[in-house]
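Each chain, letter by letter, is given below.
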Amino acid sequence: MILAGMTWWGTAAAGALEEALPGLADRAFPAKQQAVQALAATGDSRALPILEALLAGDLYTREGADPPLVVARPSGTGWSLRDPLTRADLGEVEREAVKRIPLNNALRTALRGGIATLTLSSPDPVVRSRAAKDLMRDPSPESVAALRVRLEQEQDAAVRTTLVLAVAVADLRVGTPEARLAAVATLEGSLYPEARNGLTTLIANETDADVKVAAERALTAIDSRLTWNARAETLFFGLSLGSVLVLAAIGLAITFGVMGVINMAHGELMMLGAYTTYLVQQALPGWVDYSLFVAIPAAFIVSGLFGIAIERTVIRFLYGRPLETLLATFGISLILQQLVRTTISAQNVAVENPSWMSGSLQINPALALTYNRLYILAFALLVFVALLLILKRTALGLQVRAVSQNRAMARAMGVRSARVDALTFGLGAGIAGVAGVALSQLTNVGPNMGQAYIIDSFMVVVFGGVGNLWGTLIGGMTLGVANKFMEPWAGAVLAKILVLVFIILFIQKRPRGLFPQRGRAADG
Amino acid sequence: MRKRDLIKRLVLGSGLALGLSAVLPATAADDTIKVGVLHSLSGTMAISETTLKDTVLMLVEEQNKKGGLLGKKLEAVVVDPASNWPLFAEKARELIAKDKVAAVFGCWTSVSRKSVLPVFEELNGLLFYPVQYEGEESSKNVFYTGAAPNQQAIPAVDYLMNDLGVKRWVLAGTDYVYPRTTNKILEAYLKQKGVAAEDIMINYTPFGHSDWQSIVADIKKFGGAGKKTAVVSTINGDANVPFYKELGNQGVSAEDIPVVAFSVGEEELSGIDTKPLVGHLAAWNYFMSVDTPENAAFIKQWHAFTKDPKRVTNDPMEAHKIGFDLWVKAVEKAGSTATDKVVKAIVGLETPNLTGGIAKMLPNHHITKPVLIGEIQDDGQFAVVWQTEGTVPGDAWSDFLPGSKDLEGDWTAPINCGNYNTKTKTCLGSAAK
């Protein structure tokens, strides 16, 4: 990977930098790659910002001007230029005056390797750690030599650990049997894929019996740790899928459970929440990172109002007639879909993810939890707790529970059941809207979005027990986890089918679900 | 009594009005040639197909400015089959039997094409199909202006194997005929090239699938075994958006595990943030970034027509343009829009494509196309990293599947058959009537 090697250090370094630089402007990719490698080999601190600028797409060429290579940043309608070597300001030019240096994947790989070599001695330990990890993948003798040199000088404990591992991976290939044995011992239990691959290759080619036995033992230990991490990862995937199911179903648990209303427009209420997020992001461009905090209450209100409107205009007249309610709400779902198609667009709309929801949390090299799923899991639990508190601690909650257990008695006690019905439906619809905000971050937002979740919502509510919030939570999480554990060997489609079959069989045994409602009204 | 008379009169009157309105447009239609547009404008495929509807409208408008066709104006009839495959067949029948269109430009997914194929063959209509597909088909009534596997899938795999040194393969697709057949062909091709079965991972997901966590994690693990791994993606429609987002979130970069997609172009990328996707690949026969005068003129015309300088152009749009140009030439040569005359006239006709070459209609109803591999840039455009020297003729029947090796499509006399067995010299299946 590094052509010229470290012998260019010292007096040759300054000249080498200027010599290698024009190669970056060459049209052919192999020539650019050679230039990158030469620049990295100089070890010159000025080479680093040039390579980083090239990787970021900020390095441009100029026709007939000196210097021919410049770093350009957008400024107004044109570019503001800097000299890549001296960092001097070179003024402003218009768009067409400079041409970007194109990259391809091979060049990007070479750049990352070169930057890693140069940043190995960076003052920032985080940068050094990342450089060590990048070089761990690179088997060239120059990178290994750089790693060994750095290990001698390294003071920071975390970076030392990474360097020790990286050097051990390299030692697996070279050196005496004793060195290899020591490397195997160091790599015991390491979750880095490079460690596992190195051990696998070692076992295939090893001649020394002791080393081979030790390596096989180390590999078994690593594999068992990897299996546990894989299970933890699948559990996380299952919980995050479950949290989506819970969010989708919990509003339905209220309306179906408390009022016995089969609301086929529930998916569309979620879709309205997702579209509210889109409209909020359109209304506040540039505030994407905060848009969700505005969208959540907005979606609650919008879907809640739609819910109350649906209840007052249609559902109110159809109590005790579940088939008519089903048909009527199905019709309402079609109306809502078409409403969105005509007022906004028939196609999907782009809802952006805030920057704090992108990327993942790296627990260890084998386990990464994506932030968006993590936040949505926390959010689902938050919504669940909030709903539980509303039902257990507020006056409205008390009235809702009273009406659901025994409507006639509640009315006799002075509860205005019609008003409670409207507010309950509004609450369920509002929660659906909030679920829509969460869904907008995970999936495409289009008029048909609700259709994908209505079946799942009913599935969770029926499985968990109608009207029971804890049932919805446990049911949703169980179904999500079951689905994700089956997916690796059954595939996405078959896993879903198996889950549905399981629910059908479960309902045969326990028709009321996991946590059935109790009380005379429920039994009667 | 009075009220009932009034109601009777109202009903009769409105019935008469409706009847007239059904008849009148038919008489006015004699002065125009109708062109059908059969693309999903809603549902999971709308993300890809809506722009193709606009393309045909632009081509019709342009032809009308040149004076129409055979002295008549062209009229576009647009229907929305809404990503619903049975509805595609219904709408196709409506276009041919009721609207009496001379040709239909439409379909994207192979399942939609398979749904309408019997309708076109029964009613003897013409379909210009602009999208890359799995081959294994050559119908008298369809012109395949998109890529066959030998014009997209096989060259892409060759590029990955030879230029990038890929040793392990993930074939990820949506669960329907196109990815299934293409993956069958690719699996056979890879095994022929010596790739072991445990180095190939195949995975299918339903349309619109949005939970990619486990699959992307599996791809990461599969790719972490020390050998260079690539994903060959035949994922279609809006499932691509959460797929690429999940790749970005889980940190799968293009330098580690490149994804080469066959159904993702400029249009699918135009709605998402492409920064995490930079370096991933697509294989097509055209990219908007190709620098030729024909392409520059086409893009200018497109921006003027849509009044939106941000709209992008893509490969299926070029395929529609080529198909439309060839149809116009064939109609002018035949002097008629009748299906049989056009079919006879069109084979052998040539028209320039937008990348500086020529597209020629072959006897198997496929065309000649160049193959380009492009890397995604952070502005949603593709930078070409590899291309074929000239054009590649489309091969309807893959040479890598045992059942189709010996088959050729040839709709010219004397063979006149879509699946002619060159070894036994017989025509299997339906010959032209």
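Above this text sits the structure in question.
Residues numbered from 1 in each chain as written. Chains lettered and ligands numbered in written order. Predicted model: local features only at pLDDT ≥ 70, side-chain atom pairs only at ≥ 80, totals over all residues.

Student: Hey, could you run me through the overall build of chain A in this one?
Tutor: Each helix and strand in chain A was counted, giving 20 helices and 7 strands. Computed over the C-alpha atoms, the radius of gyration of chain A is 31 Å, more than 25% above the 24 Å expected from 2.2 N^0.38 for a compact globule of 524 residues. Summarising its shape, the C-alpha atoms of chain A cover approximately 95 × 65 × 35 Å along the three principal directions. When burial is assessed residue by residue, chain A has 46% of its 524 residues classed as buried. Put simply, 68% of the contacts in chain A that link residues at least 6 apart link residues at least 24 apart. (Helix = DSSP H or I, 4+ residues; strand = E, 2+ residues; numbered from the N terminus. Rg over C-alpha atoms; globule rule 2.2 N^0.38 Å. Buried ≥ 20, exposed ≤ 12 C-beta atoms within 10 Å, placed from the backbone. Contact = placed C-beta atoms within 7 Å.)

Student: What is the right way to read the overall build of chain B from this model?
Tutor: In terms of helices and strands, chain B carries 12 helices and 19 strands. Here the C-alpha radius of gyration of chain B, 23 Å, is about what a compact globule of 433 residues would show, namely 22 Å. Looking at chain B as a whole, 53% of its 433 residues qualify as buried. Within chain B, contacts between residues separated by at least 24 positions form 68% of all contacts whose residues are at least 6 apart in sequence.

Student: Got a minute to help me understand the interface of chain A and chain B in this structure?
Tutor: Frequently, the measure chosen for interface size is the accessible area removed from exposure when the parts meet. The interface of chain A with chain B comprises 38 residues on the first partner and 38 residues on the second. Elements with a minimum of two residues in the side of chain A that touches chain B: α4 (105–119), α9 (193–205), α10 (209–259), β7 (367–370), α14 (371–393) and α19 (469–509) of chain A. With 6 residues, α19 of chain A is the single largest residue contributor to the side of chain A that touches chain B. Tallied by class, the residues present in the side of chain A that touches chain B amount to 13 nonpolar, 18 polar and 7 charged. (Nonpolar A, V, L, I, M, F, W, Y, C, P; charged D, E, K, R; others polar.)

Student: Would you take a moment to explain the environment of T313 of chain B for this structure?
Tutor: All names here are of chain B. On the secondary structure map, T313 appears in the loop between α10 (293–306) and α11 (315–334). On the basis of neighbour counts, which here come to 25 C-beta atoms within 10 Å, the residue T313 falls in the buried class. C-alpha separation for the pair T313 and G403, spaced 90 residues apart in sequence, amounts to 37 Å. Setting aside chain neighbours within four positions, we find T313 in contact with E266, M288, F298, I299 and W302.

Student: Help me understand the packing of α4 of chain A against helix α5 (residues 125–136) of chain A, please; the structure alone is not making it clear to me.
Tutor: Geometry of a packed helix pair, given as the angle between the helix axes and the separation of the axes. All names here are of chain A. Contact geometry of α4 with α5 gives a least axis separation of 8 Å together with a crossing angle of 135°. What the angle tells us is that α4 and α5 run oblique. Handedness of the crossing formed by α4 with α5: left-handed. Where α4 approaches α5, its residues R112, G113, A116, T117 and T119 are matched on the opposing element by V127, R128, A131, D134 and L135. Classifying every residue of the contact of α4 with α5 by side-chain character gives 4 nonpolar, 3 polar and 3 charged. (Axes fitted to C-alpha atoms, helices over the stretch in contact; angles between N-to-C directions. Parallel < 35°, antiparallel > 145°, perpendicular 65-115°, else oblique. Left-handed = near helix turned anticlockwise from the far one by under 90°.)

Student: In this structure, what is going on with the packing of α5 of chain A against helix α7 (residues 157–171) of chain A? I would like to understand it.
Tutor: Residue and element names in this part refer to chain A. Axis separation between α5 and α7 bottoms out at 9 Å; the angle between their running directions is 10°. For the element pair α5 / α7, the angle class is roughly parallel. Listed contacts from α7 to P125, R128, S129, A132, K133, L135 and M136 of α5 are A158, V159, T162, L163, L165, A166 and V169. Of the residues contributing to the contact of α5 with α7, the split by class is 10 nonpolar, 2 polar and 2 charged.

Student: Help me out: how do you make sense of unusual backbone geometry in this one?
Tutor: The bulk of non-glycine residues show a negative phi, and the bulk of peptide bonds are trans. Residues and elements named next belong to chain B. The step from A413 to P414 runs through a cis peptide bond, and the omega angle for that step is 0°. Tracing the backbone through its elements, the reader meets P414 in the loop between β17 (407–410) and β18 (417–421). Positive phi is not limited to glycine here, since H365 has a value of about 70°.

Student: Can you walk me through α7 of chain A in this structure?
Tutor: Residues and elements named next belong to chain A. If you check α7, its first and last C-alpha atoms are 21 Å apart, about what 15 residues at 1.5 Å a residue would give, namely 21 Å. Of the positions making up α7, those classed as buried are V159, T162, L163, L165, A166, A168, V169, A170 and D171. Tucked inside the fold, the buried residues of α7 contact α5, α6 (141–153), α8 (177–187) and α9. (Expected span 1.5 Å × (residues − 1).)

Student: In this structure, what is going on with the sheet that holds strand β19 (residues 426–427) of chain B? I would like to understand it.
Tutor: Hydrogen bonds along the backbone pair up the strands of a sheet, which may run parallel or antiparallel. The strand order across the open sheet built from 3 strands is β17-β18-β19 (chain B), with neighbouring strands paired in antiparallel fashion. This sheet does not close on itself; its edge strands, each paired only once, are β17 and β19 of chain B. (Pairing = 2+ DSSP bridges.)

Student: In this structure, what is going on with helix α12 (residues 288–313) of chain A? I would like to understand it.
Tutor: Given 3.6 residues per helical turn, the α-helix brings residues three or four places apart onto the same face. Counted at 1.5 Å a residue, the expected span for α12 of chain A with its 26 residues is 38 Å, and the 36 Å between its end C-alpha atoms agrees. Helix geometry: α12 of chain A is bent most strongly at A295 of chain A, by close to 30°, with proline P297 of chain A lying one to four residues after it. (Bend = angle between axes of the 7 residues up to and from the residue.)

Student: I tried to follow the nonpolar core on my own but got confused; where do I start?
Tutor: Across soluble globular proteins, nonpolar side chains have a tendency to be buried as a group. Counting 124 residues, the largest nonpolar core has V35, A92, A103, V104, V260 and A283 of chain B as the members making the most contacts within it. At 9 residues, α11 of chain B tops the list of elements feeding residues into this core. Not counting residues within four places of it along the chain, the set of residues in contact with V104 of chain B comprises G36, L38, A92, L95, G125, L126 and L127 of chain B. Judged by nonpolar contacts, the second largest core, of 81 residues, contains L387, Y453, F463 and M477 of chain A. (Core = buried A, V, L, I, M, F, W, Y, C linked by C-beta atoms within 7 Å.)

Student: Just checking my understanding: could you explain the environment of M413 of chain A for this structure?
Tutor: Residues and elements named next belong to chain A. Position of M413 among the secondary structure elements: in the loop between α16 (407–412) and α17 (417–440). A count of 10 C-beta atoms within 10 Å places M413 in the exposed class. Along the primary structure M413 and A402 are separated by 11 residues, whereas in three dimensions their C-alpha atoms are 9.6 Å apart.

Student: Please clarify how the sheet that holds strand β5 (residues 98–100) of chain A should be interpreted in this entry.
Tutor: Residue and element names in this part refer to chain A. With antiparallel pairing, 5 strands are arranged side by side in an open sheet as β4-β3-β2-β1-β5. One side of each edge strand has no neighbouring strand; the edge strands of this open sheet are β4 (89–93) and β5. Each neighbouring strand pair of the sheet contributes to a mean axis angle of 40°, computed without reference to strand direction. As paired strands, strand β3 (residues 78–82) and β4 are joined by 4 bridges and run antiparallel to one another. The residue of β4 that forms the bridge with S80 is E92.

Student: Would you mind showing me how to read the environment of L377 of chain A here?
Tutor: Residue and element names in this part refer to chain A. Relative to the helices and strands, L377 is located in helix α14. Judged by C-beta crowding, with 22 C-beta atoms within 10 Å, L377 ranks as buried. Separated by 130 residues in sequence, L377 and L247 place their C-alpha atoms 9.4 Å apart. Those residues in contact with L377 that lie beyond four places of it in its chain are L239, S240 and S243.

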